[in-house]
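Chain residues, written in single-letter form:
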Amino acid sequence: MDPMTQSDKISSSQGLADGQNAAKESKLSVKDLIHWRDPKKSGLVFGLSMLLLLSLAAFSFISVASYLLLALLCVTITFRIYKSVVQAVQKSNDGHPFKTLIDKDVSIPPETFRKHVDSSLTHINRALKQMSRLFLVEDLVDSLKLAVVMWLFTYVGAVFNGITILILANILLFAVPPVYEKNKTQIDQYIDVIRTQVNTTMAKLQEKLPGAVKRSKTE
């Protein structure tokens, strides 16, 4: 095999492995954040996410995005002018203060991009298949469950708007995991009881519904 070709394959595989490791570390860091492994980092992320959502509740998305980018630009411009003045006074030649960041490669490796596209496509196809199964009533009970959920969501939508739901979801995302971790045994017991009752009720309902498609044991 040509040494150059072998070297390219090794570099490609290393890039893919680095992308997988980065994705794995990202997942672990998100899990650590919502479980408050590091209270300072979790508190910072929770506070910033709440500030962003509350800002979106008061202002439009365009206004919030514009103010955030304007604030970032003001910080970088001020720091750039400050460093230029310091260099002029001290007669030093330190160069551009952001040179390290400018020279940093921020491009996305093709392997990582294709990997995420393939993963997203798998989830999209799975969701489309599930939607087709539900809306074309392959299983009558599952379609009725979806109808009940959608009916309940009409009441939720009448009380809350989208931003309010996102704010509540953000609070629950950071509040539920630590509570569940501390009371896992008791919560699991209650969940098992509820799941058993729901499954029993659904089984009785499926037997009484005319024309209901019976689930096979292999599903």
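Since this is a predicted model, take the numbers as computed values, not measurements.

1. Quick look at the overall build of the protein
- Secondary structure summary: the protein contains 8 helices and 0 strands in total.
- Evaluated residue by residue, the protein yields a buried proportion of 11% over its 219 residues.
- At a minimum sequence separation of 6, the contacts of the protein that also span at least 24 residues come to 55%.
- For the protein, the accessible area works out to roughly 17,700 Å², and carbon and sulfur atoms hold 67% of it.

2. Let's talk about unusual backbone geometry
- Phi is positive for Trp 36, which is not a glycine, with a value near 55°.
- Inspection of the secondary structure puts Trp 36 in the loop between helix 1 (3-34) and helix 2 (39-58).
- Its identity as a non-glycine residue notwithstanding, Lys 91 has a phi of 55°, on the positive side.
- The residue Lys 91 is located in the loop between helix 3 (61-90) and helix 4 (99-103) in this model.
- Overall, Lys 91 belongs to the exposed group, its relative accessible area being 75%.

3. Quick word on the pattern of salt bridges
- If you walk through the whole model with that rule in mind, you get 7 salt bridges.
- Note that Arg 37 and Asp 32 form a salt bridge whose closest N and O atoms lie 3.9 Å from each other.
- Judged by its relative accessible area of 36%, Asp 32 falls in the partly exposed class.
- Residues Arg 195 and Asp 192 are paired through a salt bridge, measuring 3.0 Å at the closest nitrogen-oxygen approach. Of this pair, Arg 195 and Asp 192 both sit in helix 8 (residues 184-208), separated by 3 residues, roughly a single helical turn.
- By relative accessible area, which is 41% here, Asp 192 ends up partly exposed.
- One continuous salt-bridge network, built from bridges that share partners, spans Asp 32, Arg 37 and Glu 181.

Reading the values: rules and limits
Residues numbered from 1 in each chain as written. Predicted model: local features only at pLDDT ≥ 70, side-chain atom pairs only at ≥ 80, totals over all residues. Heavy atoms only, no water. Helix = DSSP H or I, 4+ residues; strand = E, 2+ residues; numbered from the N terminus. Buried < 20%, exposed > 50% of the residue type's maximum accessible area, 1.4 Å probe, protein only. Contact = heavy atoms within 4.5 Å. Areas by Shrake-Rupley, 256 points an atom, 1.4 Å probe, with all protein chains shown as cover. Salt bridge = Lys/Arg side-chain N within 4 Å of Asp/Glu carboxyl O.

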